[in-house]
Amino acid sequence: MNKTVKRALALMLAMLMLVTVFAACGNDSGNSSGSSSEESSQSSEASNSSTEESSDVGGEDEEPTDTGWTIPSIDSDDYDEISDYYYEFNLSEFHELCEAYAAEIEDQNRRWALEALAEAKLMASGVMQPTRCNGGQYQISAVAPGSVTSNGWGSDDSRYQYALITDKVLKTEDRDALKKLLNEKRGTGEYRAAATEYLTSHGYQLKDSLNLAFGEMPTTYDMVNTSRAGDATYSIGSVDSLLYYDGEDRELPALAESYDVSEDGLTYTFHIRKGVKWVDSQGREVGDVIADDWVAGMQHMLDSQAGLETLFIGYVVGVGDYVDGKCDIDGVGIKAIDDYTLEYTLEKKTPYFTSMLHYGISLPLSRSYYTSQGGKFGDDFDDADENYMYGRDPDHIAYCGPFLITNVTENNSITYKANPLYWDAENVTIKSMSYLFNDGSDPTKGYNDVKARTIDNYGINSSTLVMAKEEKMDGDEKSVFDTYVYVSATGSASYFNFLNINRAAWANSNNAADAVSKQTDEQKEVTHAAMNNVHFRRALACSVDRVTWNAQNVGDDIAELCLRNTYTPATFVTLSEDVTVPVNGVDTTFPAGTDYGKIMQAQLDADGVKITVYKDDPNAENGRGTGDGFDGWFNVEYAQSELEIALEELAANGITVDESNPVHLDFVYPSQSPTRTNAVNAFKQQVEKNLGGKVIIDLVDCPDNKVWYATGYNIERGYEANYDLFDLSGWSPDYQDPCSYVDTFLPNYNGYMTKCIGIY
């Protein structure tokens, strides 16, 4: 199904579902005056003032024109036009800076600085509130550090074929020693052997199996036709990529033995490993892995329109044209020169291009096996066809990775065995693997399972933290907590609470009886207006003590450690040379060594937005700062002042909000999870208290994860988003550049995460 057909179908469905709550007062300009001298200097997302936009990428500062804020209204039956309207109304200045950094091709440091300024505008808009990152939590594990990559982008952190798994849970002191050893050996290729020697000499035996927990069934086993981590995690072992990051974070050859880069940096030529076999789920050979498999994989990925296709637009020649139906696959910059030579042609020099090759956008696909399962390419692609079987289950995919999926039992387990024809089978340490289902209804299950060695890794929650501090294991003198528990490193995945600015569903799109809102039509209208007021969104975001909120899941001890204040981690990149960029029209120089987050903070400070996303880290030996481990958003005084501005602007447009007529916001949650239930109630209590009862959080009960995921995580389009607030989804980078995060909020279906705020 091509993009034109998909959009037509999306429009048809949207018009069936869309409940229009557009107010008919005022004009359509969406302008907002600054209500004080401090507010008048804010960004256009910060103030929705279109008069300021040109000053952010150059030129002189201008005094904003005080035109007053007006409720956004648009009379249209075109869902794309509606999405465009609400995007520009709420994110216009962010978008302008996105266009500025996209045009910065040659100077990587300047590009990073402009990306940071753009992300600051995104944070200031309040359409999403950072909550936490992965890691920074109490863990208990038998998985040795350095078993998989820690670099944070792509999917290699879910490739476990070379993992080191011990027969007993690792003691904290031994884990610390291994981490020290990893740092000493990093980049040498010597760590695995040294770690193995350490473990065996300290009473551990390595086992060849790995068991992990999971909470939601995958929706497909086709690695190329999905953009959900919940799908990729469970299938990534089925298909290898061109290159691979090991536990020392070295980028090594996998299906490509080597590659060359042209002098101008625009052509990458990969030399494919010979003798690699495609097999079926039974391990029976179905073909050779050849260069054309990457051409087939690229075309299938672009045909599928599952969200990955946008990642190569602007990078690989012709991808955008193919997506728009302007060329066929021959016009795309990927060619099989011969059976074992693959060539990519880029639109611009991209120093981080190889880091883009570790995710689904660049995986191979056996063309012959795919077509044997009813798969077609180009305009003939239709995954809804009854004869289309590829990826429907593990028995209908071709494998060239280290594992074969042997069994899937709904809400129970997914099991794997080693692929006997894997090209590097002799070095694979894990011969069998399983994911065991845990829906969270019993908060002690994971803890008891890791103690019983049913699973090999577990994150301690608030319920089991008490148990770990009181109980002992294996005859130890000290408690489980004192002997085995450690704090995991913070990772690159960022999670958010999303605010729906264009809600069109008040029940789940796949089942109208699930997660039904109790809002009246009048409440929906008030909510819609409030959610399109930047001051209201900021008031909401800054009214929540995220430490208290997070403590319901992980306990009080470390509730602050995994807090994140940005989308892109504040230290994801650091300038390697001085850069001068305009901040609100004022040329500002950031010296070499400046962290990405520090540039973001400079923009927020210039806009008068009282959010802290970066501060000096007193524990950092290198003098750098951090954007994690503190709550830079919680500010009750600021939240209340922003709410006052919002209510004044709403009142000027005929909408009165007070304790007797509050704004109602639906927050969906899985009631079977005690920790999630406690968390949403903590959120509700704080918002209602700190905003004086003028905002009411209505908790919408989802009886299980399947219903909860259907409210937002598994949606395809913004009009399916059945919530006002949603904190399940997040993002981890696909490659080594901040735009891997920031680009997810581009308009016109080019930003994967815009659907989370109810558009596109």
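Quick note: structure is the one above.
Everything quoted here is computed from the prediction, not taken from an experiment.

A. Layout of the pattern of salt bridges. For the structure shown, the criterion picks out 32 salt bridges. We note a salt bridge from R250 to E248, for which the minimum N-O separation is 3.8 Å. Residue class for R250 comes out partly exposed when judged on its relative accessible area of 26%. Here R367 ties to D292 by a salt bridge, and the two come within 2.7 Å at their closest N and O atoms. In this pair, R367 is assigned in helix α10 (residues 367-372) and D292 in helix α8 (residues 292-304), connecting sequence segments 75 residues apart. Given the relative accessible area of 24%, D292 is considered partly exposed. Within this structure, E93, K121 and D607 form a network of salt bridges that share partners.

B. Inspection of the environment of F536 at higher detail. Summarising the element assignment, F536 is placed in helix α15 (residues 534-541). Taking the relative accessible area as the measure of exposure, F536 reaches 1% and is therefore buried. Counting along the chain gives 111 residues from F536 to A425, while the straight-line C-alpha distance between them is 57 Å. Once residues within four sequence positions are removed from consideration, F536 is found in contact with A530, M531, L643, A646, V663, L665 and V695.

C. Local environment of the sheet that holds strand β14 (residues 403-409). With respect to topology, four strands assemble into an open sheet ordered β5-β16-β15-β14, the strand pairing being mixed. Here the strands that pair on one side only, and so sit at the sheet edges, are β5 (209-214) and β14. Averaged over all pairs of adjacent strands, the angle between their axes in this sheet comes to 15°, without regard to strand direction. Pairing analysis gives five bridges linking strand β15 (residues 413-418) to strand β16 (residues 432-437), with the strands arranged antiparallel. Looking at β16, one finds that K417 is bridged to S432.

D. Structural detail: the side chain of D156. Within the secondary structure layout, D156 lies in the loop between β2 (138-141) and β3 (165-166). What makes D156 buried here is its relative accessible area of 0%. Within polar-contact distance, the side chain of D156 engages the side chain of R159 at 3.0 Å. Among the polar contacts listed, one links the side chain of D156 to the side chain of H358, at a separation of 2.8 Å.

E. Examining the packing of aromatic side chains more closely. What the rule picks out here adds up to 44 aromatic pairs. On the numbers, 6.4 Å between centres and 25° between planes, the contact of Y259 with Y268 is stacked. By relative accessible area, which is 31% here, Y259 ends up partly exposed. With a centroid separation of 5.9 Å and 80° between ring planes, the pair formed by W708 and Y709 is classed as edge-to-face. Neither residue differs from the other here; W708 and Y709 are each classed as buried.

F. Inspection of the packing of helix α5 (residues 172-185) against helix α6 (residues 191-201) at higher detail. In the contact formed by α5 and α6, the axes pass within 10 Å of each other and the chain directions differ by 155°. Comparing the axis directions of α5 and α6 gives the class roughly antiparallel. The two elements α5 and α6 meet at a crossing, and its hand is right-handed. Facing E173, D174, A177, L178, L181, L182 and K185 of α5, the residues of α6 in contact are Y191, A194, A195, Y198 and L199. Each residue belonging to the contact of α5 with α6 can be placed in one class, and the counts come to nine nonpolar, no polar and three charged.

The rules we used
- Each chain carries its own residue numbering, running from 1 in the written order of its sequence.
- Note on the predicted model: pLDDT of at least 70 is required for a residue's local features to be given, and 80 or more for side-chain atom pairs to be given and counted; whole-chain, interface and lining totals, by contrast, use all residues.
- Each side-chain value is derived from all of the structure's non-hydrogen atoms; neither hydrogens nor water enter the calculation.
- We define a salt bridge as a side-chain nitrogen of Lys or Arg found within 4 Å of a carboxyl oxygen belonging to Asp or Glu.
- A simple rule labels every residue: compare its accessible area, found with a 1.4 Å probe on the protein chains alone, to the largest value its type can have, and call it buried under 20%, exposed over 50%, or partly exposed in between.
- Think of it this way: any DSSP run of H or I at least four residues long counts as a helix, any run of E at least two long counts as a strand, and we number them from the N terminus.
- We call two residues contacting when some pair of their heavy atoms lies within 4.5 Å.
- Pairing between strands is defined by DSSP: at least two bridges between the two strands are required.
- Axis definition: a line fitted to C-alpha atoms, limited for helices to the stretch in contact. Angles are taken between N-to-C directions and run from 0 to 180 degrees.
- N or O atoms closer than or at 3.5 Å make up a polar contact, with two conditions inside protein: a donor-capable atom paired with an acceptor-capable one, and, for residues adjacent in sequence, both atoms drawn from side chains.
- Side-chain rings of Phe, Tyr and Trp, where Trp is taken by its six-membered ring, are said to pair if the distance between their centres is within 6.5 Å; with planes under 30 degrees apart they count as stacked, over 60 as edge-to-face, and otherwise as tilted.
- The cut-offs work like this: below 35 degrees is roughly parallel, past 145 is roughly antiparallel, 65 to 115 is roughly perpendicular, and the gaps in between are oblique.
- Take the far helix as your reference; a near helix turned counterclockwise from it by less than a right angle gives a left-handed crossing, and one turned clockwise gives a right-handed crossing.
- Ten residues, namely Ala, Val, Leu, Ile, Met, Phe, Trp, Tyr, Cys and Pro, are considered nonpolar, four, namely Asp, Glu, Lys and Arg, are considered charged, and the remaining ones, Gly among them, are considered polar.

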